[in-house]
Amino acid sequence: MYQDYIKIKFSKNAKTAEALDLLMESGDILSVEEAKDVLTILDLWENREKLIEKLHEIFPQGKWEITKLDGCDWDQKWIDGFQPIRINHRLWVTPPWQMDKIPENHEKIIINPGNAFGTGTHESTYLALKLMKGFLIPGDEVLDLGCGSGILSIAAMKLGAKHVHAIDNDPEIKDNLNDNFKQNELEEITWEIRDILAMDSFPGDLALINIQKHIILPLLERFSIAKEIPNRVILAGLLNVHRKDIRNALQKRGYKILNIRRKKEWIAVSAVLRRKNEA
Ligand SMILES: C[S@@+](CC[C@H](N)C(=O)[O-])C[C@H]1O[C@@H](n2cnc3c(N)ncnc32)[C@H](O)[C@@H]1O
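Residues numbered from 1 in each chain as written. Predicted model: local features only at pLDDT ≥ 70, side-chain atom pairs only at ≥ 80, totals over all residues.

**Q** What am I meant to see in the overall build of the chain here?
**A** Looking only at helices and strands, one finds eight helices and 14 strands in the chain. Relative to its length of 279 residues, the chain is compact, with a C-alpha radius of gyration of 20 Å against a globular reference of 19 Å. For the chain, the spread of C-alpha atoms along the principal axes amounts to about 60 × 45 × 35 Å. Buried residues in the chain amount to 34% of all 279 residues. Looking at the chain alone, contacts between residues at least 24 apart form 63% of all its contacts between residues at least 6 apart. (Helix = DSSP H or I, 4+ residues; strand = E, 2+ residues; numbered from the N terminus. Rg over C-alpha atoms; globule rule 2.2 N^0.38 Å. Buried ≥ 20, exposed ≤ 12 C-beta atoms within 10 Å, placed from the backbone. Contact = placed C-beta atoms within 7 Å.)

Here is the structure:
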């Protein structure tokens, strides 16, 4: 028996896009799809009552169109639709069954989509991957905080990191993470399940942090009492409207922003610790 889904269509505008991105970010819906004039969200049919109640709160005057999708082999449909993503002229993210589509002399990050976040299709992961090139220095010790599928850890190793330590607080990701490290023959990446907001030291040259703002801000606070903090950070999972808060928080912790990249409403930021005598 396959599960049924609820599909809800909204006409597209910036306010609706931002509200739906936030619902997606907080795990309240399974997906948001963007077409020219329409935004479509998807969730399990069994969650429809809670979801509709929430939508009424967010869009009291809003109009939308609900459709029920009868169960079918969604996994197979999804698997068929998953295409390799090009990150730069030589680096791709691909599921294992599409590997033969990647040119021979190009680098592959092989990700088996599972229950962990991070297939490269989401803007936040894509932007973090984009910022890594040129910012990661070969030989870096890297921390991947909120590693999900391990996609950023794998990319870091492919870009020349000496070692990566990956951390996530969700025990459900273990098998998917292990499988992805194995697929990429990178079993030397170390990992642990733990809450990054309870850590008191963040040793490494570079930290990759693709999590939501409500985790990133307290994490940067935590840096102020940590024994060690990374010299460079990449922050992603942030919306463009968070730009000012993030800039202030980074500045307070002694980091200066080197680069901000944007895709749709999402941004990712790279920053480096200011030297002692630097203003
Ligand atoms: C947006 S996903 C990013 C996954 C992957 N790094 C990527 O770039 O696609 C954020 C991850 O952070 C993890 N996470 C959230 N809060 C955390 C916390 N306090 N400590 C550790 N991991 C956390 C989640 O379980 C999730 O896997």
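**Q** Please explain the site of the ligand as it appears in this structure.
**A** With respect to spatial proximity, 22 residues lie near the ligand, and among them G118, T125, G146, G148 and N210 are the closest. Of all the elements in the fold, those that place two or more residues in the shell around the ligand are helix 4 (123-132), helix 5 (151-158) and strand 9 (163-168). The element best represented in the shell around the ligand is helix 4, accounting for three residues. Here the residues of the shell around the ligand are counted per class, giving 11 nonpolar, eight polar and three charged. (Near = placed C-beta within 6 Å. Nonpolar A, V, L, I, M, F, W, Y, C, P; charged D, E, K, R; others polar.)

**Q** What is the right way to read the domain arrangement of the chain from this model?
**A** It is common to give the size of an interface as the accessible area that goes away when the parts come together. Taken domain by domain, the chain consists of domain 1 (5-77) and domain 2 (83-273). Relative placement of domain 1 and domain 2: their C-alpha centres are 27 Å apart. Across the side of domain 1 that touches domain 2, the residue classes break down as one nonpolar, no polar and three charged. (Domains from an automatic or database assignment.)

**Q** Even after reading the chapter, I still don't get the sheet that holds strand 14 (residues 266-273), so can you show me in this structure?
**A** The strands making up a sheet associate through hydrogen bonds between their backbones, and the pairing can be parallel or antiparallel. The seven strands lie next to each other as 10-9-8-11-12-14-13, forming an open sheet whose pairing is mixed. Of all the strands in the sheet, the pair left with one neighbour each is strand 10 (190-193) and strand 13 (255-263). Neighbour to neighbour, the strand axes of the sheet diverge by 15° on average, direction disregarded. Summarising the sheet, strand 11 (residues 206-210) and strand 12 (residues 232-239) pair through five bridges and their orientation is parallel. Paired with L208 across the bridge in strand 12 is I234. On the sheet, helix 4 packs against strand 11, strand 12, strand 13 and strand 14 and is oriented at approximately 35° with respect to strand 14. (Pairing = 2+ DSSP bridges. Axes fitted to C-alpha atoms, helices over the stretch in contact; angles between N-to-C directions.)

**Q** Quick question: what am I supposed to make of the sheet that holds strand 7 (residues 107-110) here?
**A** The strand order 5-6-7 describes an open sheet built from three strands, whose pairing is mixed. Every interior strand has two partners, whereas the edge strands, strand 5 (85-86) and strand 7, have only one. Sheet topology places strand 6 (residues 91-94) next to strand 7; four bridges connect them, and they run parallel. Directly across from T94, in strand 7, lies its bridge partner I110. Sheet strands touched by helix 5: strand 6 and strand 7. Its angle to strand 7, the strand with the most contacts, is close to 155°.

**Q** Hey, could you run me through the nonpolar core in this one?
**A** Note on soluble globular proteins: their nonpolar side chains tend to be buried together. Core analysis: the biggest nonpolar cluster contains 59 residues, and A128, A156, L208, I209, I234, L235 and A268 have the highest contact counts within it. With residues up to four places along the chain from it excluded, the contact list for I209 reads L145, G146, I216, L219, V233, I234 and L235. Ranked by size, the runner-up nonpolar core spans five residues in total, among them L20, I29, L39 and I41. (Core = buried A, V, L, I, M, F, W, Y, C linked by C-beta atoms within 7 Å.)

**Q** Before we go on, may I ask you to explain the packing of helix 7 (residues 213-223) against helix 8 (residues 243-252) in this structure?
**A** For any two helices packed against each other, the geometry is given by the interaxial angle and the distance between the axes. Two numbers describe how helix 7 lies on helix 8: the axes approach to 10 Å, and their chain directions differ by 20°. Our classification of the angle between helix 7 and helix 8 gives roughly parallel. Between helix 7 and helix 8 lies a crossing whose hand is left-handed. Packed against helix 7, whose contacting residues are K213, L217 and L220, the element helix 8 presents D245, A249 and L250 at the interface. Considering only residue class, the contact of helix 7 with helix 8 consists of four nonpolar, no polar and two charged. (Parallel < 35°, antiparallel > 145°, perpendicular 65-115°, else oblique. Left-handed = near helix turned anticlockwise from the far one by under 90°.)

**Q** Looking at this model, I keep getting lost on the environment of I29. Mind explaining?
**A** Tracing the chain through its elements places I29 in the loop between helix 1 (14-25) and strand 2 (31-34). Judged by C-beta crowding, with 20 C-beta atoms within 10 Å, I29 ranks as buried. For the pair formed by I29 and L127, sequence separation is 98 residues and the distance between their alpha carbons is 22 Å. When neighbours within four sequence positions are excluded, I29 is seen to be in contact with L23, M24, I41, L42, D43 and L51.

**Q** Looking at this structure, I do not really get the packing of helix 4 against helix 5. What am I missing?
**A** Where helix 4 meets helix 5, the axes come as close as 11 Å, and the angle between the chain directions of the two elements is 15°. It follows that helix 4 is roughly parallel to helix 5 by the angle criterion. In terms of crossing hand, the pair formed by helix 4 and helix 5 is right-handed. Residues T125, A128, L129 and M132 of helix 4 lie in contact with helix 5, whose contacting residues are I151, L152, A155 and A156. Counted by class, the contact of helix 4 with helix 5 contains seven nonpolar, one polar and no charged residues.

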